[in-house]
Amino acid sequence: MNQKVVLITGCSSGIGLALAVRIARDEKKRFMVYATMRNLAKKEALEEAAGCTLGRTLEIKQLDVCDENSIKACVKSLPRVDILISNAGMGMVGPIECQTIDEMKTVMDTNFFGLVRLMKEVLPDMKKRKSGHIVVISSAMGIQGILFNDIYAASKFAVEGFCESLAVQALRFNLNISLIEPGPVITEFEHKMYEESLKIDLSKADKVTADMFHNIYLKNYKQIFESLGQTPEEVAEHTFKMITMKNPPFRHQTNTLYTPMTTMKYADPNGDLPIGTFYKMVFEHDKVFTASFNFLKLLRWRSRKSVTLGK
Ligand SMILES: NC(=O)C1=CN([C@@H]2O[C@H](COP(=O)(O)OP(=O)(O)OC[C@H]3O[C@@H](n4cnc5c(N)ncnc54)[C@H](OP(=O)(O)O)[C@@H]3O)[C@@H](O)[C@H]2O)C=CC1
Ligand SMILES: CC1=C(/C=C/C(C)=C/C=C/C(C)=C/C=O)C(C)(C)CCC1
């Protein structure tokens, strides 16, 4: 059987783990998944979730997207790469006054240059074979920035600009590039971000900024995830559909509840609509904003309850 070779990065947890398992469990066994992680000491969760696919349609390998040699060694050990899923990434939240340039560089190095390093390694062979699909786990923040996510959003904007430019060249070689743009997803990412946000030393920020971070951003953060957050399995299902489609789209947003936040971007070429709306949401109509997210939370709770009760 001619199985497609899939290389996925960042499979120790979250979306990468769910995705590796989903693809390896394909009923038609169309894929051979190489699920990679930078630290193999963390492979137990994936091994457990992979179950009987381990050693059959799923194999675990080491790959650190910040280390060119580790990428080269991993790619060299594979027969070829038909589908590359660039998923590894990290977040960064807080006022820029409280973040060092080195910390910011680590985010860019992982989220943006990590993708560039991977592409430099797999693209030449895909071009030669005139076949391949590159799927990038970007973010809704690759379209629309969010308060106090300045560096993270910048790293995803970089990813989007890079892919948008390359996509035209890729067409010439019959290659596909797809950006997956999830809104909030309930993974380690969310927990790490929240825990780290609580530890930020806000002494370098002025009072108004520190207040905004604590009383607006952090206060709403949990609520956003509870009312809009998807599971990594949902994002994996969307991505699975993308790799099985004949003509996959260039962009795909996974969360229809989050699309109003990104649609504003396209509605106003001046860019003032999303900025003004976000401002009003948090400073002027915060009660309406909180009420609507509470309402969404209630709707989700009720629909989950009726699924459990089999209604
Ligand atoms: N959660 C969310 O709300 C959203 C997430 N995303 C994106 O989804 C992707 C996956 O994140 P998610 O599953 O949520 O978060 P997790 O924190 O659960 O997973 C991130 C994965 O990336 C890995 N990673 C980090 N740095 C490197 C590196 N240098 N080399 C290889 N692997 C690395 C982590 O490994 P380790 O365990 O070693 O740290 C981990 O396996 C990211 O690109 C993120 O930006 C997009 C939209 C929303
Ligand atoms: C929508 C919204 C907010 C927060 C959104 C968040 C926190 C989104 C997180 C998205 C993630 C984590 C994407 C990952 O790539 C605020 C600023 C609280 C208030 C204004 C409206």
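First, a word on what this report is: a plain description of the structure on this page.

Parameters at a glance
Residues numbered from 1 in each chain as written. Chains lettered and ligands numbered in written order. Predicted model: local features only at pLDDT ≥ 70, side-chain atom pairs only at ≥ 80, totals over all residues. Heavy atoms only, no water. Helix = DSSP H or I, 4+ residues; strand = E, 2+ residues; numbered from the N terminus. Rg over C-alpha atoms; globule rule 2.2 N^0.38 Å. Buried < 20%, exposed > 50% of the residue type's maximum accessible area, 1.4 Å probe, protein only. Areas by Shrake-Rupley, 256 points an atom, 1.4 Å probe, with all protein chains shown as cover. Lys, Arg positive; Asp, Glu negative; His and termini not counted. Charge placed at Lys NZ, Arg CZ, Asp CG, Glu CD. Pairing = 2+ DSSP bridges. Axes fitted to C-alpha atoms, helices over the stretch in contact; angles between N-to-C directions. Contact = heavy atoms within 4.5 Å. Near = heavy atom within 4 Å. Polar contact = N/O pair within 3.5 Å; in protein donor to acceptor, adjacent residues only side chain to side chain. Right-handed = clockwise from strand over helix to strand, strands pointing away.

This brings us to the overall build of the protein chain. When its secondary structure is counted, the protein chain shows eleven helices and seven strands. In terms of C-alpha radius of gyration, the protein chain reaches 20 Å, essentially the compact-globule figure of 19 Å for 311 residues. Looking at the protein chain residue by residue over its 311 residues, the buried ones come to 48%. Taken as a whole, the protein chain presents about 16300 Å² of accessible surface, with 56% of it coming from carbon and sulfur. A gap of 8 Å separates the mean positions of the 41 positive and 35 negative side-chain charges of the protein chain.

Taken together, the seven strands give an open sheet; going across it, the order is S3-S2-S1-S4-S5-S6-S7, and neighbouring strands pair in parallel fashion. Of all strands in the sheet, those with a lone pairing partner are strand S3 (58-62) and strand S7 (251-253), marking the two edges. On average, each strand axis in the sheet is tilted by 20° relative to the strand beside it, whichever way the strands run. Direction of pairing for strand S2 (residues 31-37) relative to S3: parallel, over a ladder of five bridges. In the sheet register, Tyr-34 faces S3, and the bridge partner there is Glu-59. Contacts from helix H5 (residues 150-172) reach strand S5 (133-137), strand S6 (176-181) and S7 within the one sheet, and its direction differs from that of S6 by about 155°. Sitting on the sheet, helix H8 (residues 232-244) is in contact with S2, strand S4 (83-86), S5, S6 and S7, with an inclination near 160° to S5.

Around ligand 1 there are 30 residues in total, and Ser-12, Ser-13, Arg-38, Tyr-152 and Thr-187 lie nearest to it. In this structure, Asn-87 approaches ligand 1 through a main-chain N or O atom, which is 2.8 Å from an oxygen atom. One of the side-chain N or O atoms of Lys-192 is found 2.9 Å from an oxygen atom in ligand 1. Against a free-state accessible area of 900 Å², the protein chains account for coverage of 96% of ligand 1. Among the elements of the structure, helix H1 (14-24), H5 and helix H6 (188-199) are those that each provide at least two residues to the shell around ligand 1. Ranked by the residues each element gives to the shell around ligand 1, the list is headed by H6, at three residues.

Our next topic: the pairing of S5. Among the five residues in S5, five count as buried, and that is most of the element. With burial as the criterion, each face of S5 is covered, one bearing His-133, Val-135 and Ile-137 and the other bearing Ile-134 and Val-136. For the crossover from S4 across helix H4 (residues 101-129) to S5, the handedness is right-handed. Direction of pairing for S5 relative to S6: parallel, over a ladder of five bridges. Residue His-133 lies in a different strand from S6, and its bridge partner there is Asn-176.

With that settled, the discussion passes to the pairing of strand S1 (residues 4-8). With four of five residues buried, S1 lies mostly within the body of the structure. Where S1 lies against S2, five bridges are found, and the strand directions are parallel. Residue pairing for S2: Ile-8 is matched across the bridge by Ala-35. Taken together, S1, H1 and S2 form a β-α-β motif whose crossover is right-handed. Two strands pair when backbone bridges link them, and S1 and S4 are joined in this way by three bridges, in the parallel orientation. Residue Leu-7 lies in a different strand from S4, and its bridge partner there is Leu-84.

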